Amino acid sequence: MRIDELKPSARKKGRFLVKLENGDVLRVTEEELLHFGLRAGMELDEEALETLRSSARSSAARATAANIIGSRALSKQELTRRLVKKGNDASDAQAAADWLEDIGAVNDVQYAAALARHYGDRGYGPARVREELRRRGVDRELWDEALEELPEAAEVLDRLIQKKCRGDLSDPREKKRVSDALLRRGFSWSDVKAAIGRYAEIGEDDERSEVL
C-alpha cells in the first residue's frame, strides 16, 4: 500500500495525516512518523501497514483518554468504558487506561476517597457510598479505606433529623417518614434508630425544662 500524501494535522499539534492510495487516512504522532520512517510515496507491505494501523489506534486511544481524564476525575473502569463507547477497541481502551494509571493521572484510591468525601458532605451514609463506588467501577478492595473518609454517622444523622423532622417523632407516621428518608440515604437501621432515640430524649428534656 502506497502513501499518497503525508501532512501535519491542521487541528491537532504533533499529529500527522497519512493518506493511503485506497483513500484511507491514518492519524499518527510525530514519534510514529519517525519510528516508521513515513514519507509520501512510501510503499507499506501488509504487515507494516497493520502495525502502523495498530499503533495509530493505540495513540488515538491515549489522546482521547488524556482529554477525558483532563476534564473530570474517573475510575479506571469508567474511563475504559467511555473509551469503548467512543469507538475505541477494548484492548486499546484498556491499554490507554493502564498508561494513565502508570503515570498517576488515574488513581482509583484517591478517586474512591474523594467520592466518599463528596457524598459524606452531602449527608449520605455508607450503603449509598458503597453503591456509588460499585456503580463507578471502583474495585471492592478499595471500599473500606474510602469509607474511612465519611464523617461520624451519629453527627450527620442528628443534623439530618433536625432538618427533616416536621413534627413529633412519637407519631408513628412521622417516625416512619423520617426513618425511611434516612435509610434511603444509606444509613443502617441501628444508626437511624439510635439517632431517633437521641432526638426523642432531647424533646423530653425540653418538655421537662418548660415544666420546671
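Refer to the structure printed above.
Here is what the cut-offs are and how they apply
- Residues numbered from 1 in each chain as written.
- Predicted model: local features only at pLDDT ≥ 70, side-chain atom pairs only at ≥ 80, totals over all residues.
- Heavy atoms only, no water.
- Helix = DSSP H or I, 4+ residues; strand = E, 2+ residues; numbered from the N terminus.
- Buried < 20%, exposed > 50% of the residue type's maximum accessible area, 1.4 Å probe, protein only.
- Lys, Arg positive; Asp, Glu negative; His and termini not counted.
- Salt bridge = Lys/Arg side-chain N within 4 Å of Asp/Glu carboxyl O.
- Polar contact = N/O pair within 3.5 Å; in protein donor to acceptor, adjacent residues only side chain to side chain.
- Contact = heavy atoms within 4.5 Å.
- Pairing = 2+ DSSP bridges.
- Axes fitted to C-alpha atoms, helices over the stretch in contact; angles between N-to-C directions.
- Patch = residues over 30% accessible without salt bridge, like charges linked within 9 Å, V, L, I, M, F, W, Y side chains within 5 Å.
- Areas by Shrake-Rupley, 256 points an atom, 1.4 Å probe, with all protein chains shown as cover.
- Charge placed at Lys NZ, Arg CZ, Asp CG, Glu CD.

A.B. asks: Any chance you could explain the side chain of Arg 15 here in plain terms?
C.D. replies: Counting through the fold element by element, Arg 15 comes out in strand β2 (residues 15–20). At 5.2 Å, Glu 32 is the nearest oppositely charged side chain to Arg 15, a buried residue that forms no salt bridge. Within the structure, Arg 15 has its side chain in polar contact with the backbone oxygen of Ser 59 (distance 3.2 Å). Arg 15 has contacts with Pro 8, Ser 9, Arg 27, Val 28, Thr 29, Ser 59, Ala 60 and Ala 63, leaving out every residue within four places of it along the chain.

A.B. asks: What exactly am I supposed to notice about the sheet that holds β2 here?
C.D. replies: Whether parallel or antiparallel, the strands of a sheet pair through hydrogen bonds between backbone atoms. Overall, antiparallel pairing links the 3 strands, which are arranged β1-β2-β3 in an open sheet. If you trace the sheet from one side to the other, it starts and ends with β1 (3–8) and β3 (25–29), each paired once. On average, each strand axis in the sheet is inclined to that of its neighbour by 25°, with strand direction left out of account. Where β1 and β2 come together, 5 bridges link them in antiparallel fashion. What sits directly across from Leu 6, in β2, is Val 18. Contacts between helix α2 (residues 46–71) and the sheet are confined to β2 and β3, with β3 contributing the most and set at about 65° to the helix.

A.B. asks: Help me understand the pattern of salt bridges in this model?
C.D. replies: Opposite charge on two side chains allows them to pair when their charged atoms are near. Per the counting criterion, the structure on display carries 17 salt bridges. Between Asp 4 and Arg 2 there is a salt bridge, with its nearest N and O atoms 2.9 Å apart. Residue class for Asp 4 comes out partly exposed when judged on its relative accessible area of 37%. The shortest N-O distance in the salt bridge between Arg 128 and Glu 132 comes to 3.9 Å. Of this pair, Arg 128 and Glu 132 both sit in helix α6 (residues 126–135), 4 residues apart, which is roughly one turn of that helix.

A.B. asks: Sorry, what's going on with a positive patch on the surface here?
C.D. replies: On the surface, a cluster of positive charge is contributed by Arg 72, Arg 82, Lys 85 and Lys 86. Tracing the backbone through its elements, the reader meets Arg 82 in helix α3 (residues 76–85).

A.B. asks: Explanation requested: the environment of Arg 122 in the structure shown.
C.D. replies: Within the fold, Arg 122 resides in the loop between α5 (108–121) and α6. For the pair formed by Arg 122 and Leu 157, sequence separation is 35 residues and the distance between their alpha carbons is 12 Å.

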